[in-house]
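Given next are the chains, with one letter for each unit.
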Amino acid sequence: MDLVQPVVQRLPNDIGGIVGDPVVRIDRPLEPWEKRCHALADVLDFHKIINTEEKRRGVESLGSAMIGALGYYERWAVVFANLLFQKGVLTPEEVALKMAGIDARSSAERGDDAGEPR
Amino acid sequence: MTEHDHDHSHPHAEIAADGAPGYFEVLETALRELLIEKGFIKAAEIRRQIEVIDSRTPALGAKIVVKAWTDSVFRAQLLANGRAACEELGITFYDDTSLIVLENTETVHNLIVCTLCSCYPRPVLGLPPDWYKLKPYRARAVIEPRAVLAEFGTIIPDDVEVRVSDSTAVVRYLVLPRRPAGTENYSLDRLEALVTRDAMIGVVPVTLDSVEA
């Protein structure tokens, strides 16, 4: 039971007070796409499409395996997609088509016609 | 610790070796472009918000701190209602958050954290450093703050109370550090140069040789 109990008592984000490693003072500037992702979060909040708490809960609902595997803004991008699907704002199909189009566009911009489908 | 329990601050492989944008960058672009095409948001709003994000740095927080150090009326207003006092200075709050300013004194040292995520007083400090968003700081600040502070080189005497404030989506905190002795004749600019981001998070004091990490 001792192994199972913490799993139900704490969701993945609820880490206040647990044992942790020493703090390593790491910091780095955001990549341009990460900054756009942050701006997108703010604008979605302004329009009351996705608020901060929905975003946080959306990250939590990814589960600890995905939370651990993805970077900070990678989680945000996935959560925005999930929430926009749930809210009926966008559909998975149109996002998949759009992503394929962006891949083709960026291949063409790089003069690379060997763009492979994901 | 599980294999998935590590934290990430690195941007992953968002730029592939051949220069192609990575999966998550393409996902972000796709969502943004679709939302714009469908009229939910405007491209200009994204551009404007990037400018807003870029305009918020710890220098803004330092102005607030120095104003509080040198203007007792403002200091009282700031401690009573952080957001209203900042707005009086012309600092807009683009997010729907309130701001509580926590004053360090001879007997109390304040520290801020967000155990659940990465909530931070962004309108006045900009974006949080990576270590603030990662597990060690979030997990330990609330249970062993003195040990965490010591890792930043900050030793708080036993007779000084350490208060840790845990931020939420709608309530953010800013530490008002103590003004160091020997700065009575400093100009406002010189004082502002001493006030670092980390001092306003509460992990270090303001000292005469403060240098932003």
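Within any chain, residue numbers begin from 1 and follow the written order of that chain's sequence. As they are written, the chains are lettered A onward and the ligands numbered 1 onward, keeping that order. Thresholds applied to this predicted model are a pLDDT of at least 70 for local features of residues and 80 or more for the giving and counting of side-chain atom pairs; totals over whole chains, interfaces and linings are not thresholded and use all residues.

*Asks:* Hey, could you run me through the overall build of chain B in this one?
*Replies:* Looking only at helices and strands, chain B has eleven helices and four strands in total. Restricting to contacts in chain B with at least 6 residues of sequence separation, those with at least 24 account for 65%. Put simply, DSSP marks the helices as runs of H or I at least four residues long and the strands as runs of E at least two long, and each gets a number from the N terminus on. Throughout, a residue-residue contact means that the two C-beta atoms, derived from backbone geometry, are no farther apart than 7 Å.

*Asks:* How do you make sense of the packing of helix 6 (residues 92-109) of chain A against helix 1 (residues 23-37) of chain B when you look at a structure like this?
*Replies:* Where helices are involved, their axes are fitted lines through C-alpha atoms of the stretch in contact, as for all axes, and angles between N-to-C directions lie from 0 to 180°. Packing of helix 6 of chain A against helix 1 of chain B leaves a shortest axis separation of 9 Å and a crossing angle of 115°. Crossing of helix 6 of chain A over helix 1 of chain B shows right-handed handedness. Taken together, the residues of helix 1 of chain B that come into contact with helix 6 of chain A (itself represented by Glu94, Val95, Lys98, Met99, Ile102 and Asp103 of chain A) are Val26, Leu27, Thr29, Ala30, Leu31, Glu33 and Leu34 of chain B. Polar here means any residue outside two lists: the nonpolar Ala, Val, Leu, Ile, Met, Phe, Trp, Tyr, Cys and Pro, and the charged Asp, Glu, Lys and Arg; Gly therefore counts as polar. Here the contact of helix 6 of chain A with helix 1 of chain B is composed, by residue class, of eight nonpolar, one polar and four charged. Whether a crossing is left-handed or right-handed is set by the direction in which the near helix is turned from the far one by less than a right angle, anticlockwise for left-handed and clockwise for right-handed.

*Asks:* Got a minute to help me understand the interface of chain B and chain A in this structure?
*Replies:* Between chain B and chain A, the contact holds 54 residues from the first and 55 residues from the second. Looking at the side of chain B that touches chain A, the elements that each hand over two or more residues are helix 1, helix 2 (43-55), helix 7 (130-133), helix 8 (135-140) and helix 9 (145-151) of chain B. Broken down by element, the residue count for the side of chain B that touches chain A peaks at twelve residues, all from helix 1 of chain B. Split into classes, the residues belonging to the side of chain B that touches chain A amount to 28 nonpolar, ten polar and 16 charged.

*Asks:* What am I meant to see in the domain arrangement of chain B here?
*Replies:* Size of an interface, as often reported, equals the accessible area lost when the parts are brought together. In this document the domain limits rely on a domain assignment from an automatic tool or a database. When its domains are assigned, chain B resolves into domain 1 (23-53) and domain 2 (56-201). Here domain 1 of chain B and domain 2 of chain B have C-alpha centroids that lie 31 Å from each other.

*Asks:* Would you explain the packing of helix 2 (residues 32-46) of chain A against helix 5 (residues 72-86) of chain A in this entry?
*Replies:* Two measures define how a pair of helices packs: the angle their axes make with one another and the distance between the axes. Residue and element names in this part refer to chain A. With their axes 10 Å apart at the nearest point, helix 2 and helix 5 run at an angle of 40° to one another. With respect to their mutual orientation, helix 2 and helix 5 come out oblique. Handedness of the helix 2/helix 5 crossing: left-handed. Between helix 2 and helix 5, the residues in contact are Glu34, Cys37, Leu40, Ala41 and Leu44 and Tyr73, Trp76, Ala77 and Phe80, respectively. Split by residue class, the contact of helix 2 with helix 5 holds eight nonpolar, no polar and one charged. Here roughly perpendicular refers to angles of 65 to 115 degrees, roughly parallel to angles under 35, roughly antiparallel to angles over 145, and oblique to all remaining angles.

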